[in-house]
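The primary structure of each chain is shown beneath.
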Amino acid sequence: MRPLTLTMSAFGPFADLTTIDFQNFKNGLFLISGETGSGKTTIFDAICFALYNEASGDNRKREMLRSDFVESDIETYVELVFEHNDTIYTLRRNPAYERKAKRGDGVTKQNADAYLKADDVIASGSSDVSETIVDLLGLSREQFKQISMIAQGEFLKFLFASSSDRVEIFRKVFSTHFFEKLQLKLRDQYLEVQRQYSQKSQQILDNEDRVKIDENHDLYPAFLNVKGESYKVEEFVILLEQYIKELNTENKEQLKEKQILQTNLAKLYQQQATAISINKNFEELEKEKNLQLQLKEQLPQIEEKKQLITNAKIVLRQIKPIEDNIQRITSMINSSEQQNKQLTISISNHNTSLNNYKEQLSTLNERENDFSELSYKVKAIENSLPQFTAYDETISKLNSVNKTLANKQQQQKQIEQTIQSKNEMIVNADIYIKKNESISLSIEKNRTQLKQLETTQTQLQQLSILIEDYHKDEKQLSEYQLSIKDVLEQYNQKSSELTSTETIYFKQQAGLLAEELVEGEPCKVCGSTNHPQPAKLIDSSVTLDAVEILRKQKEDLNKKRETIQSSIDSLHIRQENRKEKSEELLSSLSLSIELSNYIDLTHVINTQKETTINELNQLQQEIKESLSIEQLLNTKRNELVMLNNEVTSLQSGLKDTERNVQELSTQVTTLQTTAKNQKEALAYDSKDIAVQELKKMEMQIQEYEKKKEDISNQIKAIEDSITKDSTILQTNNKSIQENINLLAEEQTKLKNELASFKDIDITPYRLSETQIDSYQDEVNKFLNNQSRNNEAITRLEEATKDKSMIDLTSLEDMIQVEKLKESELDEQIDHHSHFIKTNQEVLNDIQMIRKQNSELEQTLQSLKPLADTANGNLSQKQRITFELFVQATYFDYVLSEANKHFSIMSDERYSLLRKEDPVNLRSVSGLDLEVLDEWSGKRRDVRSLSGGESFKAALSLALGLVMLYRILLVELR
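What comes next is a walk through the structure.

Conventions used here
- Residues numbered from 1 in each chain as written.
- Predicted model: local features only at pLDDT ≥ 70, side-chain atom pairs only at ≥ 80, totals over all residues.
- Heavy atoms only, no water.
- Phe/Tyr/Trp six-rings, centres within 6.5 Å; stacked < 30°, edge-to-face > 60°.
- Helix = DSSP H or I, 4+ residues; strand = E, 2+ residues; numbered from the N terminus.
- Buried < 20%, exposed > 50% of the residue type's maximum accessible area, 1.4 Å probe, protein only.
- Lys NZ or Arg CZ within 6 Å of the ring centre and 35° of its normal.
- Expected span 1.5 Å × (residues − 1).
- Contact = heavy atoms within 4.5 Å.
- Pairing = 2+ DSSP bridges.
- Axes fitted to C-alpha atoms, helices over the stretch in contact; angles between N-to-C directions.

Observations regarding the packing of aromatic side chains
Aromatic ring pairs are defined here through the distance separating the ring centres and the angle between the ring planes. Using the criterion set out here, one finds six aromatic pairs in the structure. When the centroid spacing of 5.4 Å and the interplanar angle of 85° are considered together, the rings of F179 and F882 count as edge-to-face. With F179 in helix 6 (residues 177–208) and F882 in helix 16 (residues 882–905), this residue pair connects regions lying 703 residues apart in the sequence. On the basis of relative accessible area, F179 is assigned to the partly exposed category, the value being 27%. If you follow R92 out to its NZ or CZ, it ends over the ring of Y77, 3.7 Å from the centre. A cation sits over an aromatic face here: R93 above F49, 6.0 Å from the ring centre.

Let's talk about helix 1 (residues 40–52)
Over its 13 residues, helix 1 extends 19 Å from the first C-alpha to the last, a length consistent with the 18 Å expected when each residue adds 1.5 Å. Where burial is concerned, most of helix 1 is hidden: 12 out of the 13 residues are buried. Backbone geometry just after helix 1 places N53 at a positive phi near 65°.

Some thoughts on the environment of I836
Structurally, I836 is set in helix 15 (residues 809–871). A relative accessible area of 12% means that I836 is categorised as buried. Put simply, I836 and E610 are 226 residues apart on the chain and 103 Å apart in space, counted from C-alpha to C-alpha. Those residues within four positions of I836 in sequence are excluded, and the remaining contacts are L247, N248 and N251.

Focus: the sheet that holds strand 2 (residues 18–21)
One open sheet accounts for six strands, arranged 2-1-3-4-7-8; its pairing is antiparallel. Only two strands of the sheet have a single neighbouring strand rather than two, namely strand 2 and strand 8 (121–124). This sheet shows a mean twist of 10° between the axes of neighbouring strands, independent of strand direction.

Following this line, the structure appears as structure tokens:
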């Protein structure tokens, strides 16, 4: 990410709109410097706030970012334009703060908001934009602070980060999470295959428990010996195969034995069936002969039934039809004669009714003139009805006008009362406005004083914090000075001790070398062959280890001294900054007390703060009351304008209402005269009475006409009935004569048919068709039984010829013996078959699982070293994962680039190196740092660098990281 421009409005100390153009810095590296409090950190805060909605330091909250030196209507925001992956983005964000309301003089809360756009808006809303930035840059706020900008007080974090912390940073920066996913996938695959292998091994042992074997079998002890042992699975399979083979052999022998038994049993069943068949033929022959005797006894009865059937058919099919015709004709003659009697009576009654209705019709015709006069009266009433309607309309209109007149009079009264009330309100509002006209000047004056007091309060608060921190650091500085004095004494003491010990040690070594000198031979140290004054060997027990221990103790004390001195230097710088800022604030507050006078200064500040707070509270209360009065004053002014407009409008409305009342009064007088004239011209008191009389007359006319019409209809209906009955009477007389002739003919036929029975009673032969069929079925059944009986006797006599009954008991005993043998043999076969089936399934399952396990074992052998290598789990090896290896490669390049800068900054003394050998094989390593001191030629921990050296190292690291990041972006493009 490369910032292009940064715009700040009312942000921190930048009260005015301020824009910084970073495009002037071509190499991507720039330094922000300036006086204390000039806003250097604020620029970092602005960049960090725009990207992550947080300041660059943890002690500055979002609520503290708005400038205290701007009016309430000035907008606070940060706008950052930056380039990333060849795309230019615009990011704008504002914190939550109080601003001037758009309406009125109050304040309202401006909510926090943000948006990110390139060509179009990518994200909006404070939280959504922050999440999008993390995804876009691949860096969190903390990681961005560590590698993209080196802010005050935080440049050491990346330098001193552990391997595990750098892993997280590099994963984001270089997108190495793909390598992490690969190594985790290899690990998961290995664990999954290992789990499957263990599961399959357990399945084999579970299957061994399913094996069926008799405890008395010879192989049973061998099975017990190998069962449940994973390493004896091969022996178990061999035993199982042998056992299944033996079971199959036994099963085949048993099946052969069963086949012989079944053959013998089939022969016995055949003999039994033959014997049963012969015995059954003898039994059936005996039954058929007995039946033959029974049939001979039934023969006379069957002959009688045959004659009965013949006579019954003659009676049913020849005599009964004639008798039915005679009965039907007789019934028709009787029915016609009965109908004729009823018709004669009906005709007589109709003639009597006809004479009565004719007399009634004659009487009605005599009243015709009376109802004609009544019709004329009906027409007269109908003609007068519209006059009633006109009168009703006049009365209705009169009532409506009277009601409207009353409403208008009431409205006139209300308007007069309202005008009077509004005029009183106008007077009161005018008095209030004149009384409070000067309130705006008072409010403006108080606001100016309020801003001054708020500025004073802020300065007092800042001064209080600065003085408190200043005196805390004074105490800390005193403690450090005492500590460094003590450390210096120890260091000087240890230096003297080391110098003395080294002198003794070197003399001792020189004495040892001098003992080996031979006159005329070259010295191993200087090469001289002349040794005029060789060193003397001294008696001392000083060893090189003792010298090294003292040297190490001296170095440790020197490091401790440098650390304390660095802290003292930092405190001095901080104290100078605080002193400068405090003196500026004291001058601004017109206070002339020295910083060293802590108690008096604190008392004065607290007193001044208390006084300022009281004045602020009092002034705020006055402003609040004045604003309330001003708000009410504006309301009164608006009310006055509205009231004057309302009174003018009401007076205009009053004139209109008075004119309407006059017009309505004239209409009432006119309508009253019209209604009186209409009432005098009407014959009835009301339209309802006239309509009631009209309906009564119309009903009388309708009843007369309906009665006349009903009597005429009755006369016509009776005449039609008489004509119809006379016609039916003539037809019936003719039909009766025809049926009498037909009856005589049928009686003659019946006499002729009965002559064949020669005076025999035919009653027994009067049978129905169903009864005849029943008797015929009995005869046919007898004849069929007789025929079947004769055939059966002939067949059975032929079948039993030259044969006798056979005893079946011995045959059944032999069959039971053979069946018992077969049942016992079946049980043995089923037992062996069940064992064979179950054991064969177990054998197949075990062999299949062993094959699967063999494949899994091969997979494990190839997968385990790969997974262990990728995840850094190799025994007695450094814990470097695949991702860490890739990151270490990147890190080596970063260090290579960083050392180009660090070497220059340290006068070619220091180089940063990646620590190759881990301190602990069990911990994550590979990204740890150490520094090579070219002056001593030794490697040491980066934490041993001084404060200034650490800053240079961190700056170099950041430059190296940026260089690699740029190279990767170019390759990606």
